[in-house]
Amino acid sequence: MKRYTKKAAGLIFLLLATSVAFGLLVAFRFYISAIVTSALILIEGYYLFRLMERSDRLFKQFIWSMRYSDFLASGTPLQEQNDKIPQDMVKVMEEALQHYKKHLQEKESQLQYFQALANHIDLSVFVYSDTGQVEWMNQAFKIQTGLNFAETIDDLAAYYPELPARLRTLHPGELSILQVRRKDEYSQLILSAISFVVLGKPLTVVSMKNIRSVLENKETEAWQKLIRVLTHEIMNSMTPIVSLSELLRSKCMDEPGADAEDREEINQAVETIFRRSSGLVRFVESYRKVTGIPMPVPEIIPVNNFLNDISLLFKDQEDKIKIVPATAHLQVIADKGLIEQVLINLIKNALDATRHCPEPQIELSAGINEEGKTFIRVSDNGTGIPLEVQERIFIPFFTTKPSGSGIGLSISRQIMHMHKGDLSVLSEDGQGSRFFVTFGSIQK
């Protein structure tokens, strides 16, 4: 750098000295010498201009590299300069660019690291500006919505029409629950938002999670606790009543001095107490099944073979049951006995729903949904289920059948929750029903 400064200062000093000499020569009328001196002035001016031009080009390249990070793609342009550029100046600029390059690479690495983390979590996250421009979305959001790209939040209407309007009314720090029903899926989404400013640009980060399974698990746990308490208390009270009534009946029958008519009346009363007490005990024992499901013992189950085995259990109804083959490699990891119990229950319900249909049809099929989860579907063309009843059918003891116990679907859903999956229904009154047995992870 000092060498460049000395060279520039020397050229300027020489140019000034030559100019003064030119003036003196003209003043004393040494015209030939003045002409030679003017030529020297032109040569010195040319070299000074070239030096300034090289320096200007060097600084432009330096600024270009800083502005567009050109060194990240093709190396530092300053390294391509020839020896006429002052090397000490090039060295200083190279050090500055290398420092900037290292700093930029660190920032880029951090950005990639946090993006990888955000894409790895199963919580759907996306970012949009105050104008509604979508800035970024993670992989979980793309999988959940089925959208690989969205320019504005209005594009999210392709996932659910009410979502853009809900986002516009969602304030930072608030929680909002949105019920989404689309195609073969029913979800309860919880939305939360935070806001921050980056480089003067206001941004909003929204997280979106399906809490339906969480709510169903909590509901199931609450019912199980209630049933345990009720069955415990009822059994504690009824067991001695049954024993005492049996003892009282035997004593009345053996009493020699009792009047026959009175004895018969007492016997009938005791018999009634015994019969109803025993019936209540059996009733409570059946409800204990809701809380007595064994832990799953998972195994690999080829889906096509499994569906064929299930259909063999309903050989007398084979004209009503149709198996739609899945892809040959499709399989699930589950407890075969428990899942078989779920499907048997669903098929029995489907047979009951199609009992009065002129052409009853029950279809068993399987596949992978938009979230990459394996499902088995039981469809029928029966009476259907009213919308207001659909979620209640999974509540223990709720039934629409005169002779039903109301625990079959409740137990089936609990079995699927134990498999980290779900049991859901889509139906319209009079249009048939579709039950989805969905497993909790990608199974192929």
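Read on for an overview of the structure.

Conventions and cut-offs
- Residues numbered from 1 in each chain as written.
- Predicted model: local features only at pLDDT ≥ 70, side-chain atom pairs only at ≥ 80, totals over all residues.
- Heavy atoms only, no water.
- Helix = DSSP H or I, 4+ residues; strand = E, 2+ residues; numbered from the N terminus.
- Contact = heavy atoms within 4.5 Å.
- Areas by Shrake-Rupley, 256 points an atom, 1.4 Å probe, with all protein chains shown as cover.
- Axes fitted to C-alpha atoms, helices over the stretch in contact; angles between N-to-C directions.
- Parallel < 35°, antiparallel > 145°, perpendicular 65-115°, else oblique.
- Left-handed = near helix turned anticlockwise from the far one by under 90°.
- Nonpolar A, V, L, I, M, F, W, Y, C, P; charged D, E, K, R; others polar.
- Buried < 20%, exposed > 50% of the residue type's maximum accessible area, 1.4 Å probe, protein only.
- Pairing = 2+ DSSP bridges.

Looking now at the overall build of the protein. A count of helices and strands for the protein gives 12 helices and 12 strands. Of the contacts formed within the protein by residues at least 6 apart in sequence, a portion of 58% connects residues at least 24 apart. With the model as given, the accessible surface of the protein reaches about 26,700 Å², and the carbon-plus-sulfur share is 59%.

At their nearest, the axes of helix α9 (residues 303-312) and helix α10 (residues 336-353) sit 11 Å apart, and the two run at 55° to each other. In terms of their interaxial angle, α9 and α10 are classed as oblique. Two packed elements cross with a definite hand, and for α9 against α10 that hand is right-handed. When α9 is examined against α10, the residues F306, L307, D309 and I310 are found in contact with a partner set consisting of K336, I339, E340, L343 and I347. In terms of residue class, the contact of α9 with α10 is made up of six nonpolar, no polar and three charged.

On to the environment of V332, then. In this structure, V332 sits in strand β8 (residues 331-334). Among the residues examined, V332 registers a relative accessible area of 2% and is labelled buried. C-alpha separation for the pair V332 and P302, spaced 30 residues apart in sequence, amounts to 6.6 Å.

Read across the sheet, five strands follow the order β7-β9-β10-β12-β11 without closing on themselves; strand pairing throughout is mixed. Bordering the open sheet on either side are β7 (321-323) and β11 (422-427), each of which pairs with just one other strand. On average, each strand axis in the sheet is tilted by 20° relative to the strand beside it, whichever way the strands run. With three bridges connecting them, β7 and strand β9 (residues 362-368) associate as parallel partners. Bridged to I323 within β9 is L364. Along the sheet, α9 makes contact with β7, β9 and β10 (374-380), crossing β9 at roughly 165°. Helix-sheet contacts for α10 involve β7, β9, β10, β11 and β12 (433-438), and the interaxial angle to β10 is about 20°.

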